[in-house]
Amino acid sequence: MTANYDIKDLNLAEQGRKRMDWAEKEMPVLRLIKERFEKERPLAGVRVSACLHVTSETGNLMRTLASAGADVVLVASNPLSTQDDVAAALVAFEEIPVYAIKGESNEVYYQHIKAGLEHKPQITMDDGADLVHGVLKEYPELIADMFGSTEETTTGVIRLRAMAADGVLTFPVIAVNDSDTKHLFDNRYGTGQSTLDGIIRATNILLAGKTFVVGGYGYCSRGIAERARGHGANVIVTEIDPVRALEATMDGYRVMTMEQAAALADFIVTATGNKHVIDTRAFATMKDGCVVANSGHFNVEIDIPALEEMSNEKRQPRAFVDQYWLKDGRKINLLGEGRLINLASAEGHPSAVMDMSFANQALASEFLVRNHGKLSNGVHALPKDLDVEIAALKLKAMGVDIDVLTPEQVKYLNSWQEGT
């Protein structure tokens, strides 16, 4: 067992190992990569610091990186997303230092980020770009020895592109979120299912017949909207992008401004990656008892300070529910402190979709090592052939066969002579 860690309780380790083993059965692609990594050891001796949600699926990614020979440290990417039994299992059985405690304060959260950076990583693996931010702001001396970084989520990629635009991103980053086998599946099916799971666990309120507002219509938001509609909710979408708003309209949703939608809502969920999507104007129009939640990475999508200013009392009627009593008598129910509700009150994405996401993370780490010195500073996509490889492995594991182009078809697609 590693001597370096900060977790809740080592006695939870056996429970955590069982849950990781259970999740691994739904992660055949990562399992195949792990088998290859054990033979080839492509990350031998490479120091990796990962700042990810500490879940059973993440535990299997850590096992995979360690099997490749990496020297791994794991820290939490959100104060409420850690599964304490998984953290214990990684420390006790995998000898991986973990710095993560569910419910940790912001102060402790950043102490844990610092622990990840003091590992002197050659690769950082982020979910929100906090490690990259720490390298650039506090540990620039690490840059000379770095292969680069990988980024898991939409919010982190947005943040990284802002760094690149400002000319401060001085090493290559693989935007794992941009891989088709990540955002088309994890963001849509994973976020859709796990967000509804989190809301239902936190509230136990029937969704059927309720008015359910979704902030945004990117892949995460459309997954939430689709699943809410599947539960029988009347779904409204809010957007700032005309094209996405048009898509939502053509997909059969009502589209309006957040202020208009808030007046009708029984539930409002944000998943945009932006700040103050729900603000004072929306709070002012909400019905008594409205449930508000966030599924975006950071807890800035809901203007919680504004809600506190409008309130004269806060109660907690259930775990993960903060009930704000407004000065005008209305009550607004905020879930999970405005943090990722799918991880705050539930278990995050199902293992089957994280299988593809974390396959991308594992292959992105290998790609950075193999292409050290060849990649320019900035944000890069993982090569398309690796994306296709992951999809093919997933289909094989699911027992799905697809057609293969004939030589005649290949020739036709690569020529221009034939017409009508």
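Here the structure is a predicted model, which is why all the values come from computation and not from measurement. (Residues numbered from 1 in each chain as written. Predicted model: local features only at pLDDT ≥ 70, side-chain atom pairs only at ≥ 80, totals over all residues. Heavy atoms only, no water.)

**Things to note about the overall build of the protein**
If you tally the helices and strands in the protein, you get 17 helices and 15 strands. Computed over its C-alpha atoms, the radius of gyration of the protein comes to 22 Å, within 12% of the 22 Å expected for a compact globule of 420 residues. With the C-alpha coordinates of the protein rotated into their principal frame, the extents come out at 70 × 65 × 45 Å. Across the 420 residues that make up the protein, the buried fraction comes to 54%. Carbon and sulfur atoms provide 51% of the accessible area of the protein, an area that totals close to 18,500 Å². Within the protein, one finds 43 positive and 58 negative side-chain charges whose respective centroids are separated by 2 Å. (Helix = DSSP H or I, 4+ residues; strand = E, 2+ residues; numbered from the N terminus. Rg over C-alpha atoms; globule rule 2.2 N^0.38 Å. Buried < 20%, exposed > 50% of the residue type's maximum accessible area, 1.4 Å probe, protein only. Areas by Shrake-Rupley, 256 points an atom, 1.4 Å probe, with all protein chains shown as cover. Lys, Arg positive; Asp, Glu negative; His and termini not counted. Charge placed at Lys NZ, Arg CZ, Asp CG, Glu CD.)

**Digging into the nonpolar core**
Counting residues in each nonpolar core, the largest one holds 50 residues, and the members touching the most others are L61, M62, L65, L74, L90 and V98. In this structure, L61 is in contact with L30, L52, M125, F358, Q361 and A362, ignoring residues within four places of it in sequence. (Core = buried A, V, L, I, M, F, W, Y, C linked by side-chain atoms within 4.5 Å. Contact = heavy atoms within 4.5 Å.)

**Some details on the pattern of salt bridges**
Summed over the entire model, instances satisfying the criterion amount to 26 salt bridges. With its nearest N and O atoms 2.9 Å apart, the salt bridge here joins R201 to D197. Pair noted here: R201 and D197 are both in helix α8 (residues 180-203), with a separation of 4 residues, about one helical turn. For R201, a relative accessible area of 40% puts it in the partly exposed group. A single network of salt bridges, built from pairs that share partners, joins R19, D85, D197, R201 and E347. (Salt bridge = Lys/Arg side-chain N within 4 Å of Asp/Glu carboxyl O.)

**A few points about the sheet that holds strand β2 (residues 71-76)**
Pairing is parallel across the open sheet formed by 7 strands, whose spatial order is β3-β2-β1-β4-β5-β6-β15. In the strand order of this sheet, the two ends are held by β3 (98-99) and β15 (378-380), each with one partner. (Pairing = 2+ DSSP bridges.)

**As for the packing of helix α6 (residues 130-138) against helix α7 (residues 154-165)**
Where α6 contacts α7, the two axes come as close as 10 Å, and the packing angle between them is 25 degrees. Judged by the inter-axis angle, α6 sits roughly parallel to α7. Between α6, through D130, V132, H133 and L136, and α7, the contact on the second element is made entirely by R159, L160 and M163. Classifying every residue of the contact of α6 with α7 by side-chain character gives 4 nonpolar, 1 polar and 2 charged. (Axes fitted to C-alpha atoms, helices over the stretch in contact; angles between N-to-C directions. Parallel < 35°, antiparallel > 145°, perpendicular 65-115°, else oblique. Nonpolar A, V, L, I, M, F, W, Y, C, P; charged D, E, K, R; others polar.)

**Looking at a nonpolar patch on the surface**
Together, L405, V410, Y412 and L413 give the surface a local cluster of nonpolar side chains, amounting to about 400 Å² of exposed area. As for its placement among the helices and strands, L405 is situated in the loop between α16 (384-398) and α17 (407-413). (Patch = residues over 30% accessible without salt bridge, like charges linked within 9 Å, V, L, I, M, F, W, Y side chains within 5 Å.)

**Some points on the packing of aromatic side chains**
Summed over the entire model, instances satisfying the criterion amount to 4 aromatic pairs. Both rings, one in Y109 and one in Y110, keep their centres 5.0 Å apart while their planes meet at 85 degrees; by these two values the pair is edge-to-face. Ring centres of F185 and Y189 lie 6.1 Å apart, and the angle between their planes is 35 degrees; this geometry places the pair in the tilted category. Taken as a pair, F185 and Y189 lie in helix α8 at a separation of 4 residues, close to a single helical turn. Accessibility expressed as a relative area gives 30% for F185, which makes it partly exposed. The class of Y189 is partly exposed, set by a relative accessible area of 32%. (Phe/Tyr/Trp six-rings, centres within 6.5 Å; stacked < 30°, edge-to-face > 60°.)

**Describing the sheet that holds strand β9 (residues 254-255)**
Ordered by their spatial adjacency, 8 strands build an open sheet running β9-β8-β7-β10-β11-β14-β13-β12, and the pairing between neighbours is mixed. Strands at the two margins of the open sheet, each flanked by one partner only, are β9 and β12 (311-318). Pairing between strand β7 (residues 211-215) and strand β8 (residues 234-238): 5 bridges, direction parallel. By the bridge assignment for β8, G215 is matched with T238. Where α8 meets the sheet, it contacts β7, β10 (267-270), β11 (290-294), β12, β13 (321-326) and β14 (331-335), and its direction lies at approximately 135 degrees from that of β10. On the sheet, helix α9 (residues 219-230) packs against β7, β8 and β10 and is oriented at approximately 170 degrees with respect to β7.

**Description of α16**
The terminal C-alpha atoms of α16, which comprises 15 residues, lie 21 Å apart, in line with the 21 Å expected from a rise of 1.5 Å per residue. The inward-facing, buried residues of α16 contact α2 (28-40), α8 and α15 (351-370). Phi for G399, located one or two positions after α16, is positive at around 75 degrees. (Expected span 1.5 Å × (residues − 1).)

**A short note on the state of the cysteines**
Throughout the structure, instances matching the rule amount to 0 disulfides. Left unpaired, C51 is separated from the closest cysteine sulfur, that of C220, by 18 Å. (Disulfide = S-S within 2.5 Å.)

**Some points on the pairing of β7**
Counted residue by residue, β7 has 5 buried out of 5 residues, so it is predominantly covered. Side chains T211, V213 and G215 of β7 all project onto a buried face; the interleaved residues F212 and V214 project onto the opposite face, where all are buried too. For the crossover that starts at β7, traverses α9 and ends in the parallel β8, the hand is right-handed. Both β7 and β10 contribute to a ladder of 4 bridges, which runs parallel. Residue pairing in the sheet places V213 in a bridge with I268 of β10. (Right-handed = clockwise from strand over helix to strand, strands pointing away.)

**Points about unusual backbone geometry**
Positive phi is not limited to glycine here, since N204 has a value of about 55 degrees. Relative to the assigned elements, N204 resides in the loop between α8 and β7. Even without being glycine, H276 reaches a positive phi, approximately 55 degrees. Tracing the sequence through the fold places H276 in the loop between β10 and α12 (280-285).

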